[in-house]
Amino acid sequence: MKTKEEPKKAAKRQNATSQRWLAGIALSTVLSLSFLSSRSRTYVVCSKSANIYTVDPSNPRVECISVKESRISAVGNYDSVVGTQSPVAKATSFIPGWITSKVSIESKIVQLDEHSIVVPGLADAHAHVIENGYMRQLPLMGSKSVQEIVERIKAYILSHPDVKNDRTHWIEGMGWDQTKWPGAQFPTAEDLESDPLLKDRFISLSRVDGHARWVSPAVLLLMKDLPAKVDGGLIVRDKDGKPTGIFVDNAMSLIPIPPWTETQLSEFFDVTIKEALSFGLTSIHDADTKPKHIKFFQKMADAGKLPSRLYLMGNVASEEYWGNQIPRLIDYGKDKHLNLRSVKLFADGALGSWGAALLEPYSDDPETSGIMLSSKETVGNLILQFWKDGWQTNIHCIGDRANHAILDIYEDVLEHRGGNVSEWRPRIEHAQIFASEDLKRIGRLGVIASVQPTHATSDMGYAETRLGSNRIKGAYAYQTLLQASPKGILPLGSDFPVEGVNPLLGFYAATTRLSVDGASPHGSGGWFPNQRLTREQALKGMTLDAAYASFAEHELESRLVIFDKDIMTVPANEILQAKVMATVIDGKVVYGMM
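Below, the structure is looked at part by part. Predicted, not measured: the structure shown is a model, and the values here were computed from it.

Here is what the cut-offs are and how they apply
- Counting starts from 1 at the beginning of each chain's written sequence and moves along it residue by residue.
- Where local features are concerned, this predicted model is filtered to residues with pLDDT of at least 70; where side-chain atom pairs are given and counted, the filter is 80 or more; whole-chain, interface and lining totals use all residues.
- Only hydrogens and water are removed before side-chain values are computed, so all heavy atoms of the structure are retained for them.
- Starting at the N terminus, helices and strands are each numbered in turn, a helix being any DSSP run of H or I of at least four residues and a strand any DSSP run of E of at least two.
- Remark: exposure states derive from per-residue accessible area (1.4 Å probe, protein chains only) relative to the maximum for the residue type, with buried under 20%, exposed over 50%, and partly exposed in between.
- Only heavy atoms enter the contact rule, under which two residues are in contact if any of them lie within 4.5 Å.
- Only the protein chains shown count as covering a residue, and every accessible area follows the Shrake-Rupley method with a 1.4 Å probe.
- The disulfide criterion used throughout: a pair of cysteine sulfur atoms within 2.5 Å.
- Any pair of N or O atoms that falls within 3.5 Å is considered a polar contact. Within protein, one atom must be able to donate a hydrogen and the other to accept it, and sequence-neighbouring residues count only if both atoms are side-chain atoms.
- Here an angle of 0 to 180 degrees is reported between the N-to-C directions of two axes, which are lines fitted to C-alpha atoms, with helices fitted over the stretch in contact.
- An angle below 35 degrees is treated as roughly parallel, one above 145 as roughly antiparallel, one from 65 to 115 as roughly perpendicular, and anything else as oblique.
- We call Asp, Glu, Lys and Arg charged. Ala, Val, Leu, Ile, Met, Phe, Trp, Tyr, Cys and Pro are nonpolar, and the rest, Gly among them, are polar.
- When DSSP finds two or more bridges between two strands, those strands count as paired.
- Take a side-chain nitrogen of Lys or Arg and a carboxyl oxygen of Asp or Glu: if they are within 4 Å of each other, that pair is a salt bridge.
- Buried Ala, Val, Leu, Ile, Met, Phe, Trp, Tyr and Cys residues form a nonpolar core when they are joined through side-chain atoms within 4.5 Å.

## Here's the deal with the overall build of the chain
Move 1: Summing up its helical and strand segments, the chain has 19 helices and 23 strands in all.
Move 2: Buried residues in the chain amount to 56% of all 594 residues.
Move 3: Contacts spanning at least 24 positions in sequence make up 71% of the contacts within the chain whose residues lie at least 6 apart.
Move 4: Roughly 25,400 Å² of accessible area belongs to the chain as shown, and the carbon and sulfur atoms make up 53% of that amount.

This is the structure:
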């Protein structure tokens, strides 16, 4: 039988227990705040529900990860990483062991709530850093008609007095996509004079894929004596042979666009990097880096102003060998974040502008089979010399004819000239459309297919119209490409600004094959759902596979992302709701807080 005092004693004990737990939580908070204020890079992050994803199949989820300076020093369960024998633990023995740290008296501990997760720092295996910032000055993404483009240009002019008052100022934008408009036809120069505010202005607008430009009549007047044909390009003409204002692929080089200034490069760079860090991107493969941009990135690296790791694919617009015109950079700069050991070449154009090179004519335009930007012999000679000189080669290939030609060249180097695929790691960028035998061949050769899952969901509304019901089966075949890869490598990217910077857009597209509103031509199950990736495969593609494709798979720098939702388990329609709480590079919080 209980006495009158026992309830009071029980209440006291319960209160004492609550106070100890509150003290423990308070200490955890203090340690976290101390970490943020002191900028210490020695700390432990723990998740009681083991929501730390490692992309290690032998140990996929762990409770704790320890960071010492810029390196990951330990990963595992609580006892193996934290324990209770540290000076901190002994001094705070009344606090549950979950909150204390054995690493050192200086160590800090950050405890995640039950909903948050940690994943390795995310990488974008194919993007365009400077161009993304350029696109932001006059973004045309999502425009549903020519008239909407005109209205956006008008708004831009009216909001920029310097542009409004200077008709010689070039107006540039990016992101239009005629496949999203009524009629799905290319626009014309005259469309850019349909409003008096636009008349006589120099306007140049890049298509969403960067493979076509739309210019105004004022620009056409500057371009006298245009050639009848352009190798690897197309000047679109009307029935009378007059240029309509659309220039495709190599023909775009005829447009006299003013070069970007150093100030513009800096502005474009800052816009992109801030956006990338806010979405958890800690590494970016810049997929077409011109010499001027290389020098800019070197300058930023020298000053310690490259928070993200950049893996550059150098490019010089020449069909003559140019490997001696760009520097080779390995862990360059104050923070060792800049690398340049690969080159970017282009085989063909893009599907949306009928420029992808196909083995057979387009289903919706039998008069064309697309464009090879250079001859197979020219590209082959370049690839061979780059291989001999130790450069990784990354080739833009969209159509099945382009992929077939490049695989022929790679096969010659790998099987007849002594090429070592593990040392060279040749890549095909986009790898969109393959003949069935080439889907098998790319795997047999071990060539890396670098793909962008949002391209599939952006193109699915018209891709089958372009390719037909049979050829589409070899397109955007991500699961097939992954299974064919002898090392199970499929690096994922976005091709931003062609697509959005947020890597969760690619994660969602890869795992659902749906648009962001949950739709597809094949219903809610996804477009060709047999080509969906699992969430584990997609996360690996955005981390370890991207690292392998840039020779960085053995790097141990601490690059982490903390999300407020578990993107690995939440319903698919909640993936894009996840927000980044913190982005960590080299042990430092570069975005958010924890």
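## Describing the state of the cysteines
Move 1: Tallied over the full model, the rule gives 1 disulfide.
Move 2: For cysteine 46, the disulfide goes to cysteine 64, at an S-S distance of 2.1 Å. Disulfide cysteine 46-cysteine 64: torsion about the S-S bond near 110 degrees, hence right-handed. Separated by 18 residues along the polypeptide, cysteine 46 in strand E1 (residues 42–46) and cysteine 64 in strand E4 (residues 64–68) bring together distant segments of the chain.
Move 3: Judged by its relative accessible area of 0%, cysteine 64 falls in the buried class.

## Remarks on helix H17 (residues 503–512)
Move 1: Judged by how many residues are buried, H17 sits mostly within the fold: 9 of 10 residues are covered.
Move 2: Listed in full, the buried residues belonging to H17 are Pro503, Leu504, Gly506, Phe507, Tyr508, Ala509, Ala510, Thr511 and Thr512.
Move 3: On its buried face, H17 sits against strand E8 (122–127), strand E14 (281–289), helix H14 (453–459), helix H18 (535–541) and strand E21 (559–563).
Move 4: For H17, the N-terminal capping position is held by asparagine 502, with its side-chain oxygen 3.0 Å away from the main-chain nitrogen of leucine 504.

## A closer look at the packing of helix H4 (residues 129–137) against helix H8 (residues 262–278)
Move 1: Look at H4 against H8: their axes get within 7 Å of each other, and the N-to-C directions meet at 100 degrees. Judged by the inter-axis angle, H4 sits roughly perpendicular to H8. Judged by residue contacts, Val129, Ile130, Asn132, Gly133, Tyr134, Arg136 and Gln137 of H4 engage Leu265, Phe268, Phe269, Val271, Thr272 and Glu275 from H8.
Move 2: When its residues are assigned to classes, the contact of H4 with H8 shows 7 nonpolar, 4 polar and 2 charged.

## Examining the packing of H4 against helix H9 (residues 291–302)
Move 1: Running from N to C, H4 and H9 cross one another at 100 degrees; their axes reach a closest spacing of 11 Å. By the angle between their directions, the pair H4 and H9 is classed as roughly perpendicular. Of the residues in H9, those in contact with Val129, Ile130 and Glu131 of H4 are His293, Phe296 and Phe297.
Move 2: A class-by-class count of the residues in the contact of H4 with H9 yields 4 nonpolar, 1 polar and 1 charged.

## Some words on the sheet that holds E1
Move 1: The strand order across the open sheet formed by 4 strands is E5-E4-E1-E6, and the pairing between neighbours is mixed. Across the chains shown, the open sheet's two edge strands, defined by having one partner strand only, are strand E5 (71–76) and strand E6 (108–111). Looking at each pair of strands side by side, their axes are set apart by 20 degrees on average, direction ignored.
Move 2: With 5 bridges connecting them, E1 and E4 associate as antiparallel partners. Across the sheet, cysteine 46 pairs through a bridge with cysteine 64, a residue of E4.

## Section: unusual backbone geometry
Move 1: The residue after phenylalanine 496, namely proline 497, is reached through a cis peptide bond having omega 15 degrees.
Move 2: One non-glycine residue with positive phi stands out, namely alanine 184, at about 55 degrees.
Move 3: Note that alanine 184 resides in the loop between strand E9 (171–176) and strand E10 (203–207).
Move 4: A positive phi angle, near 45 degrees, is found at aspartate 331, a position not held by glycine.

## A look at the side chain of glutamate 411
Move 1: Within the secondary structure layout, glutamate 411 lies in helix H11 (residues 400–416).
Move 2: A polar side-chain atom of glutamate 411 sits 2.9 Å from a polar atom in the side chain of arginine 444.
Move 3: In contact with glutamate 411, other than residues within four places in its own chain, are His416, Arg441, Arg444 and Leu445.

## A short note on the pattern of salt bridges
Move 1: Scanning the model with the defined rule gives 22 salt bridges in all.
Move 2: Taking the shortest distance from any N to any O, the salt bridge between aspartate 331 and arginine 309 comes out at 3.3 Å. Within this pair, whereas aspartate 331 is found in strand E16 (residues 329–332), its partner arginine 309 is found in strand E15 (residues 309–314), the two being separated by 22 residues in sequence.
Move 3: Owing to a relative accessible area of 30%, aspartate 331 belongs among the partly exposed residues under this scheme.
Move 4: We classify arginine 309 as buried; its relative accessible area is 8%.
Move 5: Across the salt bridge formed by aspartate 545 and lysine 540, the nearest N and O atoms sit 2.6 Å from each other.

## Thoughts on the nonpolar core
Move 1: Among the nonpolar cores identified, the biggest contains 133 residues, and Ile153, Leu205, Phe269, Leu351, Ile406 and Phe563 are the most heavily contacted of them.
Move 2: When residues of this core are assigned to their parent elements, the largest contribution, 8 residues, is made by H11.
Move 3: Excluding residues that lie within four positions of it along the chain, isoleucine 153 makes contacts with Leu138, Ile171, Leu192, Leu198, Ile203 and Leu205.

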